[in-house]
Amino acid sequence: FTVGCNVLGGSGMWAGVSIACVLMVAIYSLGGISGANFNPAVSVSLGISKSMGGPGLDWATVGIYSAVQSVAGVAAAFSYAAVFNDTFNLAPAKGFNGFHAGLCELLYTFM
């Protein structure tokens with residue numbers, strides 16, 4: 001929701017700060033409930049961790065978390081579309097393709 005509002009609202013300068021602040025508030029407010037994993041990739045990594053004998057989530061819980069997180073993402077998209085009465089295409093910037101975006105995601109995952 002926050003990313004969509006920043007894109008459609010045109011707030012380029014403070015977009016990163018607002019996204020980080022919303023994430024921080026979400027982590028502090030919901031961290032005790034879900035461990036603050038709001039992303040299916042994090043849920044899957046916790047499932048892999050548990051499969052390897054470490055702390056994490058069992059696969060049934062991973063499935064539930066991932067499904068709810070995906071539905072929440074779609075609901076967020078409909079929410080900012082309703083607020084701004086507009087949508088946008090989420091795609092790599094001009095001059096880049098899906099491979100570049102995937103590589104960037106992969107590298108930032110390990111940071």
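Predicted, not measured: the structure shown is a model, and the values here were computed from it.

Enquirer: Would you mind going over a nonpolar patch on the surface with me for this structure?
Expert: A surface patch of nonpolar side chains, about 460 Å² in accessible area, is lined by Leu 23, Ile 27, Leu 30, Ile 33 and Phe 38. One can find Ile 27 in helix α2 (residues 15–34).

Enquirer: Explanation requested: the side chain of Ser 66 in the structure shown.
Expert: Turning to its location among the elements, Ser 66 is positioned in helix α4 (residues 59–84). Owing to a relative accessible area of 14%, Ser 66 belongs among the buried residues under this scheme. Those residues in contact with Ser 66, other than ones at most four positions away along the chain, are Pro 40, Ser 43 and Val 44.

Enquirer: How should I be thinking about unusual backbone geometry in this particular structure?
Expert: Non-glycine residue Ala 36 carries a positive phi angle of around 65°. Along the chain, Ala 36 falls in the loop between α2 and α3 (40–51). Backbone geometry places Asn 85, a non-glycine residue, at a positive phi of 50°. Following the sequence through the fold, Asn 85 ends up in the loop between α4 and α5 (98–109). On the basis of relative accessible area, Asn 85 is assigned to the exposed category, the value being 71%.

Here is what the cut-offs are and how they apply
- Residues numbered from 1 in each chain as written.
- Predicted model: local features only at pLDDT ≥ 70, side-chain atom pairs only at ≥ 80, totals over all residues.
- Heavy atoms only, no water.
- Patch = residues over 30% accessible without salt bridge, like charges linked within 9 Å, V, L, I, M, F, W, Y side chains within 5 Å.
- Areas by Shrake-Rupley, 256 points an atom, 1.4 Å probe, with all protein chains shown as cover.
- Salt bridge = Lys/Arg side-chain N within 4 Å of Asp/Glu carboxyl O.
- Helix = DSSP H or I, 4+ residues; strand = E, 2+ residues; numbered from the N terminus.
- Buried < 20%, exposed > 50% of the residue type's maximum accessible area, 1.4 Å probe, protein only.
- Contact = heavy atoms within 4.5 Å.

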